[in-house]
Amino acid sequence: MRRLSTLVCLFPLLGLTATAQTPRVFGYRDFTEQAKWDSAFLAIPDATLAGQHLKTLTAAPHWASSPEDYATALYVADKFKAAGLHTDIVPYKVLINKPTSILVEAFDSNGKQIMSGPSPEHVDPNRNGGDPFQDDPRILPAFSGSSPSGDVAGEVIYANYGDLADFKKLASMGISVKDKIVLVRYGTNFRGVKVYLAQQYGAKGVLIYSDPADDGYFRGDVYPKGPYRPATGVQRGSVQFLPIYPGDPQTPGIASTPDLPDSARIPLDKLQANQPSIPVNPLSYKDAAPILKCLGGAESPRAWQGALPFTYHLGIGGNGNGKITVHMKLVQDTALRTIWDVIGTIDGTDPSQKEEWVVAGNHRDAWVYGAVDPNSGTAAMLEAVHGLGDLLKQGWRPKRRIVIASWDAEEEGLMGSTEWAEQHASHLAHAVAYLNTDVAVSGSDFKAAAVPSLKEFVREVTREVPSPKGGTVYERWKESEKADAERRASITAGTTGGPSRFNADVEEDVRVGDLGSGSDYTPFLQHLGVPSTDIGSEGPYGVYHSVFDNYNWFIKFADPTFVYEQQQARVFGLEILHMADTDVLPYDYQLYGREILSYLDTAQRRARTDKLALDFSAAIAAAHRFADAGASVRSRQLAPPTDSAALNHALRSAEEALLNPNGLPHRSWYKHTIYAPGEFTGYAAVVIPGVNEAISTDDLARAQAQLTILADALNHSATILEAAAK
């Protein structure tokens, strides 16, 4: 009776009544049957069960490759099997460092020790309820993934966020970081890029701290009173050079399976491409404060001032004293370790399309407990799987094969997803979508990012899903967008210290961002050309990658009744259902073409500003042709033929045609000509990256060559779409 009453309540959200006409949904000849399955599915994901999943998954620290991590793999596999999915636990052997001992100490100009850390992550147990998880002996010391061991000492220089502009600013002031320890704060770019740049500028070590301006008391009350980072909170994270390539450092382009011979791996002494060669470690603002307070030299540029209660100095330059020396002694146990992906499948039934996979995934590993990142996503995914399992019992079968994945070792560098994608590259050439969730719930504001051809697809799904605030997710999303203009900056990597994967696009509708990196869609879209989406629900979240991202924080500040977990399970599940069952793939190449034209217009204006004599005419003509072909094929998608297999094949091939087999300059693993993580940003997308990054470095010849490559890719894709339109 509960299920039946819920179904009745959900019908109005679908625009359905007993007599009302079924709405038109892009990709379906007739949505009537799918609407019934949608209604049945939406009734199933359960908020209480999602909360139980989250509590179980976050009961212990479960760093990738640990016994506790394997226990979470078994839990997820059991839930997949219970839902009726064919389930495998798939191991890989990947290179991961584990801290043996971490020491960071600082000395003033007289040799007096002013700090020794890292300090334990600890809040007062007698205030605001304390934290019940902070003293677990299995918690690893705060460390940086991919950092080598090292025993170095040197003068400290403060370099703000450590982005390219900051290092250029120091150089313009006559300040060299060569043979120095660079202190930078989290924000604006991926932490690995901070190290990538510091290493290029000659630093001997890097410390990365969380400034209270970005996710601490300057933002609001700190944990456990509020959601923001307390003084001892540390943001862990990988400093792998992700924009060069992700995954196992020793096996770019091939899967690091357990039986892979050592001869197929890059030797450890030659790992120079995506691994730092200098030691790196994170700090809390409690530990960074004594260093910053005692630093002398010139005052920092005022835009570099954080929220600690004293003036920030650079450590060198000017007439000040205050030379601070830091000693870093990091002992890392770097070794091949086993990780475990959990893969569940539901076979497709359409003879001509059943092997065109729909892949959906979320990672499971965490730096510590990972209640928000990533297990809010795992809990939502498990309830989506619960819903699919109930539909199977009711007789539903998908047209296309569904693959549900629980990835491991994402935090170390997207390892589980990258190795699996590389292993299954030939099958994924026919995959119709990769649907991702990671930080599924840190609050109530829905956000999404996608390849342009799937942006309207995401919007359409959210029009069906009820919001805990009333109405639909789409309606609440639209409301929050109106109120979000001023606070948008406060949920980006530049102000929270953690990544926001949902950067705005050019559309007037609710904003669906572009895909950069920092989560598991990267190997699918940017290496293999699989159209991808990413969804989440955001809020004030200051404990990213710390001990305090735990169940206690989640039920106090993110989603106490787990209704947003339920919402995200419904959105994620409908994405899977629709992509598996549409008659025609719901790709919007008309919008894709318009966005590419806007990217080219912006790049052309940049080139003129920089006085670069580049010829954009061929690329612009190709983009217009691509957009026109997208408009033409859309009319055929709106009136799909009875046998849609050939049309779907062409639609899928059009995205793959946007790959450059030779990859991007300096980082050939990334092959997509339209989207890549920026070489100097990491999280944020750089659009038409070959062109834009050449413009950024004033490389005229490279920029013109990349424009030619881009035009060729667009013309190739347009040819496919033109043929399909006929």
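Above this note sits the structure.
Asker: What should I look at first to understand the overall build of the chain in this one?
Answerer: Helix and strand counts for the chain stand at 22 helices and 16 strands. Along the first, second and third principal axes, the C-alpha atoms of the chain reach 85 × 65 × 55 Å. Partitioning the contacts of the chain with sequence separation of at least 6, the portion at a separation of at least 24 is 80%. As displayed, the chain has an accessible area near 24800 Å², and 53% of this comes from carbon and sulfur atoms. For the chain, the centre of its 67 positive side-chain charges and the centre of its 85 negative side-chain charges are spaced 2 Å apart.

Asker: So what exactly am I meant to see when it comes to the side chain of glutamine 568 here?
Answerer: Position of glutamine 568 among the secondary structure elements: in helix α17 (residues 563-581). What makes glutamine 568 buried here is its relative accessible area of 1%. Each residue touching glutamine 568, except ones within four places of it in the same chain, is listed here: Ala380, Ala440, Val441, Phe446, Ile535, Gly536 and Ser537.

Asker: How do you make sense of empty space enclosed by the protein when you look at a structure like this?
Answerer: It is the rolling of a water-molecule-sized probe over the atoms that shows where space remains empty. In this structure the tally under the stated criterion is five cavities of 30 Å³ or more. Residue lining of the largest cavity: Asn660, Gly663, Leu664, Lys671, His672, Thr673, Gly690, Val691, Gln706, Ile709 and Leu710, and that is the complete set. Broken down by element, the residue count for the lining of the largest cavity peaks at three residues, all from helix α22 (residues 700-725). Of the residues in the lining of the largest cavity, the class split is four nonpolar, six polar and one charged.

Asker: Explanation requested: the packing of aromatic side chains in the structure shown.
Answerer: For any pair of aromatic rings, geometry is given as the distance between the ring centres together with the angle between the planes. Tallying each qualifying case throughout the model produces 31 aromatic pairs. Both rings, one in phenylalanine 143 and one in tryptophan 367, keep their centres 5.5 Å apart while their planes meet at 80°; by these two values the pair is edge-to-face. Of this pair, phenylalanine 143 sits in the loop between β2 (113-117) and β3 (144-145) while tryptophan 367 sits in the loop between β10 (358-363) and α9 (375-393), and the two are 224 residues apart along the sequence. Each member of the pair phenylalanine 143 and tryptophan 367 is classed as buried. Ring-pair connections join several aromatic residues into one group, and the members of that group are Tyr223, Tyr541, Tyr544, Phe548, Trp553 and Phe557. A cation over an aromatic ring shows up here: arginine 185 above the ring of tyrosine 161, its NZ or CZ 4.1 Å from the ring centre. Between the NZ or CZ atom of arginine 463 and the centre of the ring of tyrosine 474, over which it lies, the distance is 4.2 Å.

Asker: Teacher, can you tell me more about the packing of α9 against α17 here?
Answerer: Packed helices, taken two at a time, are described by their axes: the angle between them and the distance between them. Relative to each other, α9 and α17 sit at 55°, their axes nearing to 8 Å. On the basis of their axis angle, the class for α9 and α17 is oblique. The chirality of how α9 crosses α17 is right-handed. For the pair α9 and α17, the contacting residues are Ser376, Ala379, Ala380, Met381, Glu383, Ala384, Leu388 and Leu391 in the first and Glu565, Gln568, Ala569, Phe572, Gly573, Ile576 and Leu577 in the second.

Asker: Any chance you could explain unusual backbone geometry here in plain terms?
Answerer: For residues other than glycine, phi is negative in most cases, and the peptide bonds are mostly trans. In this structure, the amide linkage connecting glycine 117 to the following residue, proline 118, adopts the cis form with an omega of 5°. With respect to the helices and strands, the residue proline 118 is situated in the loop between β2 and β3. A cis geometry characterises the amide bond from aspartate 373 onward to proline 374, with omega recorded as 10°. With respect to the helices, strands and loops of the structure, proline 374 is situated in the loop between β10 and α9. In this structure, serine 146 is a non-glycine residue whose phi angle is positive, near 80°. Mapped onto the elements of the fold, serine 146 is located in the loop between β3 and β4 (150-158).

Asker: Where do I start with the layout of surface pockets in this structure?
Answerer: Roughly 360 Å³ of internal volume is contained in the second largest pocket. For the second largest pocket, the lining is made up of 15 residues, of which Arg606, Thr681, Val686, Glu693 and Ser696 are closest to its centre. At the level of elements, α5 (164-172), β16 (685-687) and α21 (689-696) are the ones that each hand at least two residues to the lining of the second largest pocket. When the residues that make up the lining of the second largest pocket are grouped by side-chain class, the tally is five nonpolar, five polar and five charged.

Asker: Explain the nonpolar core to me, please; I cannot follow it from the model alone.
Answerer: Looking at soluble globular proteins, one finds that nonpolar side chains tend to be buried together. With 215 residues, the main nonpolar core has Leu292, Ile404, Trp420 and Leu428 as its most contacted residues. Residues within four places of leucine 428 in sequence aside, it is in contact with Trp357, Val359, Trp420, Ala421, Phe524, Leu528, Val530 and Arg652.

Asker: Can you help me understand the pairing of strand β1 (residues 86-107) in this one?
Answerer: Along any regular strand, the residues point their side chains to alternate faces of the sheet. Two strands pair when backbone bridges link them, and β1 and strand β9 (residues 325-346) are joined in this way by 21 bridges, in the antiparallel orientation. Within β9, the position partnered with lysine 93 by the bridge is threonine 338. Sheet analysis places β1 next to β2, joined by four bridges and oriented antiparallel. The residue bridging glutamate 105 from the neighbouring strand is serine 116, located in β2. Remark: five residues form the turn of the hairpin made by β1 and β2, two consecutive strands paired antiparallel; glycine 111 in that turn has positive phi of roughly 85°.

Asker: When you look at helix α19 (residues 617-638) in this model, what are you seeing that I'm missing?
Answerer: Between its terminal C-alpha atoms α19 stretches 32 Å, which fits the 32 Å expected from 22 residues at 1.5 Å a residue. Of all the positions in α19, only Ala619, Ala622, Ala623, Phe626, Ala627, Ala629, Gly630, Val633 and Gln637 are classed as buried. The secondary structure elements touched by the buried residues of α19 are α18 (589-609), α20 (645-656) and α22.

Asker: Sorry, what's going on with the pattern of salt bridges here?
Answerer: Applying the stated criterion across every chain yields a total of 27 salt bridges. Of the charged contacts in the structure, one is a salt bridge between arginine 401 and aspartate 347, with a shortest N-O distance of 3.2 Å. Placement of arginine 401 in the loop between α9 and β11 (402-407) and of aspartate 347 in the loop between β9 and β10 is noted, with a sequence separation of 54 residues between them. Since its relative accessible area comes to 48%, aspartate 347 is described here as partly exposed. Salt-bridge contacts for aspartate 588 lead to arginine 634; the nearest nitrogen and oxygen are separated by 3.6 Å. One end of the pair, aspartate 588, is in the loop between α17 and α18; the other, arginine 634, is in helix α19, with 46 residues separating them in the sequence.

Asker: I tried to follow the packing of helix α3 (residues 47-57) against α9 on my own but got confused; where do I start?
Answerer: Relative orientation of the contacting elements α3 and α9 amounts to 135°, with a least axis distance of 9 Å. As far as their axial angle goes, α9 and α3 are oblique. Of the two possible hands of crossing, α3 and α9 adopt the one that is right-handed. Of the residues in α9, those in contact with Leu49, Ala50, His53, Leu54 and Leu57 of α3 are Asn375, Ser376, Thr378, Ala379, Leu382, Glu383 and His386. Of the residues in the contact of α3 with α9, the class split is six nonpolar, five polar and one charged.

Asker: Help me out: how do you make sense of the environment of proline 466 in this one?
Answerer: Relative to the helices and strands, proline 466 resides in the loop between α12 (455-462) and α13 (473-483). Looking at proline 466, the relative accessible area reads 13%, which means it is buried. In sequence terms proline 466 and alanine 440 are 26 residues apart; their C-alpha atoms lie 16 Å from each other.

Asker: Sorry if this is basic, but what is going on with the environment of aspartate 350 here?
Answerer: Mapped onto the elements of the fold, aspartate 350 is located in the loop between β9 and β10. For aspartate 350, a relative accessible area of 18% translates into the label buried. It is 8.0 Å that separates the C-alpha atoms of aspartate 350 and proline 398, two residues lying 48 residues apart in sequence. For aspartate 350, the side chain forms a polar contact with the side chain of serine 352, separated by 2.9 Å.

Reading the values: the criteria
Residues numbered from 1 in each chain as written. Predicted model: local features only at pLDDT ≥ 70, side-chain atom pairs only at ≥ 80, totals over all residues. Heavy atoms only, no water. Helix = DSSP H or I, 4+ residues; strand = E, 2+ residues; numbered from the N terminus. Contact = heavy atoms within 4.5 Å. Areas by Shrake-Rupley, 256 points an atom, 1.4 Å probe, with all protein chains shown as cover. Lys, Arg positive; Asp, Glu negative; His and termini not counted. Charge placed at Lys NZ, Arg CZ, Asp CG, Glu CD. Buried < 20%, exposed > 50% of the residue type's maximum accessible area, 1.4 Å probe, protein only. 1 Å grid on protein atoms, 1.4 Å probe; cavity = no way out; pocket = protein on both sides within 12 Å on 5 of 7 lines; lining within 4 Å. Points joined across faces, edges and corners; volume = space filled by probe spheres on them. Nonpolar A, V, L, I, M, F, W, Y, C, P; charged D, E, K, R; others polar. Phe/Tyr/Trp six-rings, centres within 6.5 Å; stacked < 30°, edge-to-face > 60°. Lys NZ or Arg CZ within 6 Å of the ring centre and 35° of its normal. Axes fitted to C-alpha atoms, helices over the stretch in contact; angles between N-to-C directions. Parallel < 35°, antiparallel > 145°, perpendicular 65-115°, else oblique. Left-handed = near helix turned anticlockwise from the far one by under 90°. Core = buried A, V, L, I, M, F, W, Y, C linked by side-chain atoms within 4.5 Å. Pairing = 2+ DSSP bridges. Expected span 1.5 Å × (residues − 1). Salt bridge = Lys/Arg side-chain N within 4 Å of Asp/Glu carboxyl O. Polar contact = N/O pair within 3.5 Å; in protein donor to acceptor, adjacent residues only side chain to side chain.

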